[in-house]
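Descriptive analysis of the structure
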Protein chains: 2
Amino acid sequence: MRESLAIRFSAGGETAVQRRYEILAQELRGLILSGELKVGDPLPAERDLVEITGLGRGSVREAIRILEIEGLLSPKKPGRKGVSVVQNASDQTVQRQLELFIGGDSVSNDHLLQARMVIEPALARIACDMRTDDDIEAMRAINARIEAIGNADRGALVQLNLDWHSQMFAASHNDLLVAIAIGLTETQHRAGVMGQYGSQEHVRLMVEAHGKILESIIARDGERAYRRTYLHLRGYADTLAKKNPREFDLTPLNPR
Amino acid sequence: MRESLAIRFSAGGETAVQRRYEILAQELRGLILSGELKVGDPLPAERDLVEITGLGRGSVREAIRILEIEGLLSPKKPGRKGVSVVQNASDQTVQRQLELFIGGDSVSNDHLLQARMVIEPALARIACDMRTDDDIEAMRAINARIEAIGNADRGALVQLNLDWHSQMFAASHNDLLVAIAIGLTETQHRAGVMGQYGSQEHVRLMVEAHGKILESIIARDGERAYRRTYLHLRGYADTLAKKNPREFDLTPLNPR
DNA sequence: CTCGATTAATTGGTATGACCAATGAAACGG
DNA sequence: CCGTTTCATTGGTCATACCAATTAATCGAG
């Protein structure tokens, strides 16, 4: 009944069929990115979209699902007002994708470390200019809790360490870099590559390192904060290096 | 007939229902990330998964679609051997998500510039250590083509400029940082924020800047490559700043 | 027997129709 | 006027059916 809508496009030498739900997803994405659909605008109900597009409900649902995973549409809720709503892709979608990418075996641990050594010291430096007093207080509070629990609870220690770093990143007030940095840091910590640290001595050193970084940020001494953060990371990297040999030299990232 | 499988979990104070396709997606994702399903392993056919899981075909398809968007499953093809295959999430999924995040209005152009100024000079420095002769040759070739076409074709100029930067990033041989850097650079260039550059003089300056960066990388002079790349970016930023006032100072990223 | 052409089986893509559960609005009753 | 009940809306899910593409199996000619 319906003439062939088969649209073909060349992609990498191959010829792929453009599936209907893909087309619809593209169109909706275009409407959102071009601003014709603004953040907060509700999408028509699934059954309305079926009428509008002439597609089946399954195809409509798959198209919506795609944009939902990309972060451009809110998850739906059943009920009378449960339609999808246009939203901005969140920092969390960036983190998720970074974690999935790094989690695969395309990225070596050394490359991940190298990336962290590029970004995290720079964030510390930026934080020196942009921090507020609240940022300082938050960082201080987390470090105090780390000192308090010591190595009693391994899981809590990992989480608090993550929290401290996230809070330091947040003090830069650059949401883009923060999202990237958290994605990198979380992946490495969750990977359990750092199951070794947890002795009382390790915790003491960690608290001390955090303290020195915090001091520098309070003093708004960018160079010092950069250096302290770099050394903190390198200490961590060196601990790892005792177990596995390095693939390549990480050190060119050292400032000055 | 089927007892309620409704699983609830608290998320941010709210209580959300876990939908069936979400559960299946989670399970499959878990199998992949834990390594029980390895890269290259084919998934059972949709109808087989229907039998295995007891779900409807629509739910199975939505679950698969989610993992496909996340990059963990290959797109399917019709035909007898068209089943999904497990794969690593690619750098492209990272780029896509960065572009979607930045494309929304959560990230200001100044924050994007700041992020680039953190990452790109660092990549130039790393490239000094890791580059091969092929990298050098590729960069030289692209720059030559830029010089050749001049400002004749605006679109081609933008693309070639992107290519040059991508090639420079690639010379670092850190796929993670490369994916991030390309995501940032592409977004800014595609956003058309740089429609202004295109005069013959601009092109000449661009070629010159690229040339100086390349020289430094050839000489393996990391500090110099870092500095040149930083200045190249700052020149671009200053051009933009003439049109729109800065939100904040970008300069703390200057090395030394 | 070998190889090319034809046929059949497999698999994803899509549509239709139906029913449930949750939600919120409207109608109702005190 | 307010609380309760009813009901329409909407997403979630399943079952079934058919098409199109692709590959495997079969068959036939030489």
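Section: the side chain of Asn143(B)
All names here are of chain B. Examined against the element boundaries, Asn143 turns out to sit in helix α6 (residues 133-149). At 3.1 Å, the side chain of Asn143 forms a polar contact with the side chain of His210. Aside from chain neighbours lying at most four places away, what touches Asn143 is Trp164, Val207, His210 and Gly211.

Structural notes on the pattern of salt bridges
Close approach of charged atoms allows side chains of opposite charge to pair. Across all of its chains, the model carries 33 salt bridges over all chains by this definition. Taking the shortest distance from any N to any O, the salt bridge between Glu186(A) and Arg190(A) comes out at 3.6 Å. Residue Glu186(A) and its partner Arg190(A) are located together in helix α8 (residues 175-190), separated by four residues, close to a single helical turn. Glu186(A) sits in the buried class, given a relative accessible area of 15%. Between Arg19(B) and Glu22(B) there is a salt bridge, with its nearest N and O atoms 3.0 Å apart. Given a relative accessible area of 24%, Arg19(B) falls into the partly exposed group. Counted as one network, the salt bridges with shared partners bring together Glu46(A), Arg57(A), Arg61(A), Arg65(A), Glu68(A), Lys76(A) and Glu62(B).

Digging into the interface of chain A and chain B
In many reports, interface size means the accessible area that the parts give up when they come together. Chain A puts 55 residues into the contact, and the matching count from chain B is 56 residues. Around 4700 Å² of area is buried between chain A and chain B when both sides are counted, 64% of it from carbon and sulfur atoms. The tally of links from chain A across to chain B stands at five salt bridges. Residue Glu62(A) pairs with Arg61(B) through a salt bridge whose shortest N-O separation is 2.8 Å. Connecting chain A to chain B are 18 residue pairs in polar contact (both at pLDDT 80 or more). Contributing elements (two or more residues each) for the side of chain A that touches chain B: α1 (20-33), α3 (57-70), α4 (91-103), α5 (109-130) and α8 of chain A. Considering each element in turn, the side of chain A that touches chain B owes the most residues, eleven residues, to α5(A). For the side of chain A that touches chain B, the per-class residue count stands at 29 nonpolar, eleven polar and 15 charged.

Structural notes on the protein's contact with DNA strand C
Taken together, the neighbourhood of DNA strand C is formed by 26 residues, with Arg20(A), Tyr21(A), Gly56(A), Arg47(B) and Arg61(B) sitting nearest. When atoms of DNA strand C within 4 Å of the protein are split into backbone and base, the sugar-phosphate part holds 66%. For DNA strand C, a phosphate oxygen lies 3.0 Å from a polar atom in the side chain of Arg19(A). Here Arg57(A) contributes a side-chain N or O atom positioned 3.3 Å from a base nitrogen of DNA strand C. Counting only elements with at least two residues in the surface near DNA strand C, the list comes to α1 and α3 of chain A together with α2 (46-53) and α3 (57-70) of chain B. Residue classes in the surface near DNA strand C are distributed as six nonpolar, six polar and 14 charged.

Concerning the protein's contact with DNA strand D
Around DNA strand D, 26 residues are found, and the nearest of them are Arg47(A), Arg61(A), Arg20(B), Gly56(B) and Ser59(B). Note that a base nitrogen of DNA strand D is positioned 3.0 Å from one of the side-chain N or O atoms of Arg57(A). Of all elements in the fold, only α2 (46-53) and α3 of chain A together with α1 (20-33) and α3 of chain B reach the threshold of two or more residues within the surface near DNA strand D.

A few points about helix α9 (residues 200-218) of chain A
Residue and element names in this part refer to chain A. Taking 1.5 Å as the rise per residue, α9 with 19 residues should run 27 Å; its terminal C-alpha atoms sit 27 Å apart, in good agreement. Within α9, the full set of buried residues consists of Val203, Met206, Val207, Ala209, His210, Ile213, Leu214, Ser216 and Ile217. Where α9 is buried, its residues touch α5, α6 (133-149), α7 (154-170) and α10 (222-241). Positive phi shows up at Arg220, right after α9, with a value of about 55 degrees.

What about the relation of the copies chain A and chain B?
Aligned on chain B, chain A shows an RMSD of 0.0 Å; the corresponding rotation is 180 degrees and the shift along the axis is 0.0 Å. Look at the turn and shift together and you get a two-fold axis relating the two. When the interface residues of chain A are mapped onto chain B, 100% of them again fall at the interface, so both copies present the same face.

Comments concerning unusual backbone geometry
Despite not being glycine, Arg220(A) shows a phi value in the positive range, around 55 degrees. Looking at the element boundaries, Arg220(A) is found in the loop between α9 and α10. One non-glycine residue with positive phi stands out, namely His173(B), at about 60 degrees. Mapping His173(B) onto the fold places it in the loop between α7 (154-170) and α8 (175-190). Classification of His173(B) by relative accessible area gives partly exposed; the value is 33%.

Overview of the packing of α7(B) against α8(B)
Residues and elements named next belong to chain B. At a closest axis distance of 10 Å, the pairing of α7 and α8 adopts a crossing angle of 165 degrees. As judged from the angle between their axes, α7 and α8 are roughly antiparallel. Two packed elements cross with a definite hand, and for α7 against α8 that hand is right-handed. Contacts between α7 and α8 pair Val158, Gln159, Asn161, Leu162, Ser166, Phe169 and Ala170 from the former with Val178, Ala181, Ile182, Thr185, Glu186, His189 and Arg190 from the latter. Its residues assigned to classes, the contact of α7 with α8 shows seven nonpolar, five polar and two charged.

A look at the nonpolar core
The biggest cluster of nonpolar side chains holds 80 residues, and the ones touching the most others in it are Ile119(A), Leu176(A), Ile119(B) and Leu176(B). Setting aside its immediate chain neighbours within four residues, Ile119(B) contacts Val118(A), Ile119(A), Leu177(A), Leu177(B), Ile180(B), Ala181(B) and Leu184(B). Listed in part, the 40 residues of the second largest apolar core include Leu28(A), Leu67(A), Leu49(B) and Ala63(B).

Describing the confidence of the model for chain A
Low-pLDDT stretches of the model should not have their predicted coordinates read in fine detail. All names here are of chain A. For chain A, per-residue confidence averages 88 on the pLDDT scale, and residues scoring 70 or more make up 88% of the total. When the criterion is pLDDT under 50, residues 1-13 qualifies, and its contacts beyond four places in sequence or with other chains add up to 14 contacts. Across residues 252-256, where pLDDT falls below 50, the model places 18 contacts with residues more than four positions away in sequence or in other chains.

Reading the values: the criteria
- Within each chain, residues carry numbers counting from 1 in the order of the written sequence.
- Think of it this way: whatever chain is written first is A, whatever ligand is written first is 1, and the rest follow in order.
- Local features in this predicted model are restricted to residues whose pLDDT is 70 or higher, and side-chain atom pairs enter the listing and the counts only when it is 80 or higher, whereas totals over whole chains, interfaces and linings include all residues.
- Side-chain descriptors were evaluated using all non-hydrogen atoms of the structure, hydrogens and water having been removed beforehand.
- Each helix is a run of DSSP H or I of at least 4 residues and each strand a run of E of at least 2, with the numbering of both proceeding from the N terminus.
- Whenever two N or O atoms come within 3.5 Å, that pair is a polar contact, provided that in protein one can donate a hydrogen and the other can accept it, and provided that, for residues adjacent in sequence, both atoms are side-chain atoms.
- In this analysis, two residues are considered to be in contact whenever any of their non-hydrogen atoms come within 4.5 Å of each other.
- Any carboxyl oxygen of Asp or Glu within 4 Å of a side-chain nitrogen of Lys or Arg constitutes a salt bridge here.
- Any residue under 20% of the maximum accessible area for its type is buried, any over 50% is exposed, and the rest in between are partly exposed; the area is computed with a 1.4 Å probe on protein chains only.
- Summed over both partners, the accessible area (1.4 Å probe) lost when two parts come together is defined as the buried area.
- In the scheme used here, Gly and all other residues not listed as nonpolar or charged are polar, with Ala, Val, Leu, Ile, Met, Phe, Trp, Tyr, Cys and Pro taken as nonpolar and Asp, Glu, Lys and Arg as charged.
- For this description, a residue counts as near a given molecule or strand if any of its non-hydrogen atoms is within 4 Å of it.
- To estimate the expected span of a helix, subtract one from its residue number and multiply by 1.5 Å.
- Fitting of the copies onto one another was done by least squares over C-alpha atoms, counting residues only where both copies have pLDDT of at least 70.
- Axes, fitted as lines to C-alpha atoms, cover a helix only where it is in contact. Angles between the N-to-C directions of the axes lie from 0 to 180 degrees.
- What sets the label is the angle itself: under 35 degrees gives roughly parallel, over 145 gives roughly antiparallel, 65 to 115 gives roughly perpendicular, and the rest give oblique.
- What makes a crossing left-handed is the near helix being turned counterclockwise from the far one by less than a right angle; a clockwise turn instead makes it right-handed.
- Only buried residues count toward a nonpolar core, which is a set of Ala, Val, Leu, Ile, Met, Phe, Trp, Tyr and Cys residues joined through side-chain atoms within 4.5 Å.
- The predictor's confidence in any single residue is recorded as pLDDT, a number from 0 to 100.

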